[in-house]
Amino acid sequence: MAIELTEDAIVEEKFLAASGPGGQNVNKVATAVQLRVNVFALGLPPYAYAKLKELAGSRMTSGGELVVTARRFRTQEANRQDARERVSELIEQAQERQARRIKTKPGKAAKARRVDAKKGRSVIKAGRGRVQID
């Protein structure tokens, strides 16, 4: 379920000279795309915004813009589509909620096993002392 980016969320779409496959075409045509998306315009809930910030890492600016650069393909249109898909995937991942952890305590039998193991270890270590001849 890919999330569609609204036009008001996209701040800027810039085409750059790319590296990689393409031969002379790479030197002549600006095929790489740098997509800037205003995260606040997406209207994400607070938990999703925090997760998106964590997932994006250095791709998120202090002004709340997500910057994605796509240069995998040889054409502008393919790179443009790739950048939009990557932003959608990031937003989708950010909206997945983690299951809440339920705190548990060890049972009586587990506590007893732990104490017994400690006592056994204590006996073993006590036996390592100097041997006294009577």
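Everything numeric here is computed off the predicted structure, so don't read it as measured data.

Enquirer: Pulling in residues and values, what's your account of the side chain of N79?
Expert: With respect to the helices and strands, the residue N79 is situated in helix α3 (residues 76–94). On the basis of relative accessible area, N79 is assigned to the buried category, the value being 0%. With sequence-adjacent residues up to four places away left out, N79 is seen in contact with T31, A32, V33, A70, R71, R72 and F73.

Enquirer: I'd like a rundown of the environment of A32, residues and numbers included.
Expert: Residue placement: A32 occurs in strand β2 (residues 32–38). For A32, a relative accessible area of 0% puts it in the buried group.

Enquirer: Describe in detail helix α2 (residues 46–56), supporting the description with residues and values.
Expert: By the burial criterion, the buried members of α2 are A48, L52 and A56. The buried residues of α2 all sit within an arc of 60° when viewed along its axis, so they share a single face. Seen from the buried face of α2, the exposed residues on the opposite side, beyond 90 degrees, are P46 and E54. On its buried side, α2 packs onto β3 (65–70) and α3. With its phi angle positive at about 60°, G57 sits one or two positions after the end of α2.

Enquirer: Lay out the environment of A41 in plain terms, naming residues and giving numbers.
Expert: When you line up the elements, A41 lands in the loop between β2 and α2. Sequence separation of A41 and V11 is 30 residues, and the distance between their C-alpha atoms is 9.7 Å.

Rules behind the numbers
- Residues numbered from 1 in each chain as written.
- Predicted model: local features only at pLDDT ≥ 70, side-chain atom pairs only at ≥ 80, totals over all residues.
- Heavy atoms only, no water.
- Helix = DSSP H or I, 4+ residues; strand = E, 2+ residues; numbered from the N terminus.
- Buried < 20%, exposed > 50% of the residue type's maximum accessible area, 1.4 Å probe, protein only.
- Contact = heavy atoms within 4.5 Å.
- Arc of directions from axis to C-beta.

Nothing here speaks to function; it is geometry throughout.
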